[in-house]
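For reference, the chains in residue letters:
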Amino acid sequence: MIIPKTREEIELMRQSALMVSKTLGMIAAEIKPGVTTLELDRMAEEFIRDHGAIPGFKGLYDCPSTLLTSVNEQIVHGLPTNRPIQEGDIVSVDCGAIMNEFYGDHAYTFEIGDVAPETKKLLQVTKESLYVGIREFKAGNRVEDVGNAIQKYTEAHGYGVVRELVGHGLGRKMHEAPEMPNYGKRGRGKIFVEGMVVAIEPMINMGTKNIKQLKDGWTIVTRDGKPSAHFEHDVALVDGKPELLSTFAYVYKALGIESTEEDEFRAKPLVIS
């Protein structure tokens, strides 16, 4: 059952989402060749707790870490390790936090130094597809309208859309109804209702859509070993339109990137400190 949020609850959820956004911004300043994902995980937990929040992943479903860090062919749910990050890697950093009894859940795939042009394009198209999907999260539309838009956009570039892993509703629980697949047919699925909040998160592979799970019971990788990209935003349905609760602005500030990509999804400009 979809659980709509009041305007007051949505503002509380915005704080939760921005806590994760700030954490990703901190990670953006620290992620570089030679750093391990386990070190990043420790930094993230300390950062979240120092800001009065609780890591949202750690302990959830017995997850042992604050971050899920997926490198290269790893799609999602990669557990932090002592393997140093290398020049040319891509690293998906997925993070959750609890504030005000609500979850934030947000992800960004980082380029480490000089990344192969075809991999850089995969990241660009995957992030673009996130906003293509968000545009379909509006009054009168249905769940698979979002998935269909993401699928068409990414498959037009020859990429594989993961089927087994999906976005989701978000609230006092990390995973609420509805599931938000990144594929589908227009006009199918639950209809969107005012006040609902979802995590939309394309997981797009350079090659096959097929996946497998590693023996750690967590890490999901591409079956053909080709790279995968993952970007995620928290979005509320406000006045029938998508309203971004999370932001990549802290990541972009750390990386020196200027962007207006989020402006159309905000009722008022975001001010970051």
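Just so it is clear, the model here is predicted, and its values are computed rather than measured. (Residues numbered from 1 in each chain as written. Predicted model: local features only at pLDDT ≥ 70, side-chain atom pairs only at ≥ 80, totals over all residues. Heavy atoms only, no water.)

Student: Outline the overall build of the protein chain, listing residues and values.
Tutor: Broken down by element type, the protein chain carries five helices and 15 strands. Principal-axis analysis of the C-alpha atoms places the extent of the protein chain at approximately 45 × 45 × 40 Å. In the protein chain, which comprises 273 residues, the share counted as buried stands at 57%. Sequence-distant contacts, at least 24 apart, represent 69% of the contacts inside the protein chain between residues at least 6 apart. In the form shown here, the protein chain has an accessible surface area of approximately 11800 Å², with 51% of it arising from carbon and sulfur atoms. (Helix = DSSP H or I, 4+ residues; strand = E, 2+ residues; numbered from the N terminus. Buried < 20%, exposed > 50% of the residue type's maximum accessible area, 1.4 Å probe, protein only. Contact = heavy atoms within 4.5 Å. Areas by Shrake-Rupley, 256 points an atom, 1.4 Å probe, with all protein chains shown as cover.)

Student: Talk me through helix 4 (residues 143-155); I want residue IDs and the actual numbers.
Tutor: Between its first and last C-alpha atoms helix 4 spans 19 Å; for 13 residues at 1.5 Å apiece the expected length is 18 Å, and the two agree. For helix 4, the complete set of buried residues consists of Val 143, Glu 144, Asp 145, Val 146, Gly 147, Asn 148, Ala 149, Ile 150, Gln 151 and Thr 154. Packed against the buried residues of helix 4 are helix 3 (117-134), strand 6 (160-161), strand 8 (176-180), strand 9 (197-200) and strand 10 (203-205). (Expected span 1.5 Å × (residues − 1).)

Student: Before we move on, can you summarise the pattern of salt bridges with the specific residues and values?
Tutor: A full pass over the atoms with the stated rule returns 18 salt bridges. A salt bridge links Asp 89 to Arg 83, with the nearest nitrogen and oxygen atoms 3.2 Å apart. Judged by relative accessible area, Asp 89 falls into the buried class, the value being 5%. Taking relative accessible area as the criterion, Arg 83 reaches 35% and is therefore assigned partly exposed. For the salt bridge of Asp 145 with Arg 186, the shortest nitrogen-to-oxygen distance reads 4.0 Å. In this pair, Asp 145 is assigned in helix 4 and Arg 186 in the loop between strand 8 and strand 9, connecting sequence segments 41 residues apart. (Salt bridge = Lys/Arg side-chain N within 4 Å of Asp/Glu carboxyl O.)

Student: An account of the packing of aromatic side chains is requested, with residue identities and associated values reported.
Tutor: Counted by the stated rule, this structure contains eight aromatic pairs. Pairing Phe 231 with Phe 248 gives two aromatic rings, centres 6.1 Å apart and planes at 70°, and the pair type is edge-to-face. One end of the pair, Phe 231, is in the loop between strand 13 (228-230) and strand 14 (233-238); the other, Phe 248, is in the loop between strand 15 (241-244) and helix 5 (249-255), with 17 residues separating them in the sequence. The structure contains a cluster of three or more aromatic residues connected by ring pairs, namely Tyr 108, Phe 110, Phe 231, Phe 248 and Tyr 252. (Phe/Tyr/Trp six-rings, centres within 6.5 Å; stacked < 30°, edge-to-face > 60°.)

Student: Summarise the sheet that holds strand 11 (residues 211-213); cite the residues concerned and give the values.
Tutor: The antiparallel open sheet is built from three strands, whose spatial order is 3-12-11. In this open sheet, the two strands that pair with only one neighbour each are strand 3 (74-76) and strand 11. Ignoring which end each strand starts from, the neighbouring axes of this sheet average 40° apart. Pairing of strand 3 with strand 12 (residues 220-222), which is carried by two bridges, proceeds in the antiparallel orientation. Note on strand 12: the bridge partner recorded for Gln 74 is Val 221. (Pairing = 2+ DSSP bridges. Axes fitted to C-alpha atoms, helices over the stretch in contact; angles between N-to-C directions.)

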